[in-house]
Amino acid sequence: QHGFCHAISLGIPSPEGQLVETDRQSLWCMKATPDGKWMAVGGSKGSLVIHNASFPFDIARRFEPLQTEINALAFDETGSTLAAGCDDGRVMVWDFETGKRLHEIELESAPIVYDVRWIPGTSRLLASGKAADVYCIESKTGEVIRQIPTPHEASAVEFLSVLPDLSSVITG
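Here the structure is a predicted model, which is why all the values come from computation and not from measurement.

(A) Spatial organisation of the sheet that holds strand E10 (residues 101-106). The antiparallel open sheet is built from 4 strands, whose spatial order is E7-E8-E9-E10. At either end of the open sheet lies a strand with only one pairing partner, and these are strand E7 (70-75) and E10. Neighbouring strand axes in the sheet, compared pairwise and without regard to direction, differ in orientation by 15 degrees on average. Of the strand pairs in this sheet, E7 and strand E8 (residues 81-86) are connected by 5 bridges, and their pairing is antiparallel. Residue pairing for E8: Phe 75 is matched across the bridge by Leu 82.

Printed below as a string of structure tokens:
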């Protein structure tokens, strides 16, 4: 349904689930904090809404809206930093507690950012998009520290996954 996501509790019998407000926009992404207390929801109108991650999923706060679609969200391991990949080729990084935007990183040759992932145990973030490259970003400074070309003929890298031993990044 346009403008809503459905939250279905595994502990409460509710075949229809619950409609969770997404500021009347198409939902593109959602991510829960590592402790499971909060859920970030982003979408087509640049709205970033934070919900309690348990029924009744009330809105806890709203971040300042962006002027672009939000395609991907990722929390660092502590849940203190939130990153978003956007439709205008930028990666945004916020202090989750205060909602303050820490960095706005424009990726060269990536007009759209499809995915963002934290590298476990570090303050580094990976981003990919409508370019056949993966970008490694230092979240403390907002600096792109490495642009990694993928070894295939893809025109985009839509999905990222970091192996648990940190030896490789899987792209798709």
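(B) Broad picture of the nonpolar core. If you look at the biggest cluster of nonpolar residues, it comprises 16 residues, and the most contacted ones within it are Val 91, Leu 107, Val 116, Leu 125, Ala 127 and Ile 137. With near-sequence residues (within four places) excluded, Leu 125 lies in contact with Ala 83, Val 91, Val 93, Val 116, Arg 117, Trp 118, Tyr 135, Cys 136 and Ile 137. Counting 15 residues, the second largest nonpolar core, distinct from the first, contains Cys 29, Ala 40, Phe 63 and Leu 66.

(C) Looking closely at the pattern of salt bridges. Enumeration according to the criterion identifies 5 salt bridges in this entry. In this structure, the salt-bridge partner of Arg 90 is Asp 88, at a minimum N-O distance of 2.6 Å. Classification of Arg 90 as buried rests on a relative accessible area of 13%. We classify Asp 88 as partly exposed; its relative accessible area is 32%. The partner of Glu 138 in a salt bridge is Arg 124, with the nearest N and O atoms 3.4 Å apart. Of this pair, Glu 138 sits in strand E13 (residues 131-138) while Arg 124 sits in strand E12 (residues 124-129); the two residues are 14 residues apart in sequence, bridging distant segments of the chain.

(D) Representation of the layout of surface pockets within the structure. If you add up the space inside the largest pocket, you get close to 340 Å³. Together, 17 residues line the largest pocket, and Leu 126, Arg 146, Ile 148, Ser 168 and Val 169 are the ones closest to its centre. Elements supplying a minimum of two residues to the lining of the largest pocket: E12, E13, strand E14 (143-149) and strand E16 (169-171). Looking at the lining of the largest pocket element by element, the count peaks at 4 residues for E14. For the lining of the largest pocket, the per-class residue count stands at 11 nonpolar, 4 polar and 2 charged. Taken as a whole, the second largest pocket encloses approximately 170 Å³ of empty space. Elements that contribute at least two residues to the lining of the second largest pocket include exactly E7, strand E11 (113-118) and strand E15 (160-162). The class makeup of the residues in the lining of the second largest pocket is 8 nonpolar, 1 polar and 3 charged.

Reading the values: the criteria
- Residues numbered from 1 in each chain as written.
- Predicted model: local features only at pLDDT ≥ 70, side-chain atom pairs only at ≥ 80, totals over all residues.
- Heavy atoms only, no water.
- Pairing = 2+ DSSP bridges.
- Helix = DSSP H or I, 4+ residues; strand = E, 2+ residues; numbered from the N terminus.
- Axes fitted to C-alpha atoms, helices over the stretch in contact; angles between N-to-C directions.
- Core = buried A, V, L, I, M, F, W, Y, C linked by side-chain atoms within 4.5 Å.
- Buried < 20%, exposed > 50% of the residue type's maximum accessible area, 1.4 Å probe, protein only.
- Contact = heavy atoms within 4.5 Å.
- Salt bridge = Lys/Arg side-chain N within 4 Å of Asp/Glu carboxyl O.
- 1 Å grid on protein atoms, 1.4 Å probe; cavity = no way out; pocket = protein on both sides within 12 Å on 5 of 7 lines; lining within 4 Å.
- Points joined across faces, edges and corners; volume = space filled by probe spheres on them.
- Nonpolar A, V, L, I, M, F, W, Y, C, P; charged D, E, K, R; others polar.

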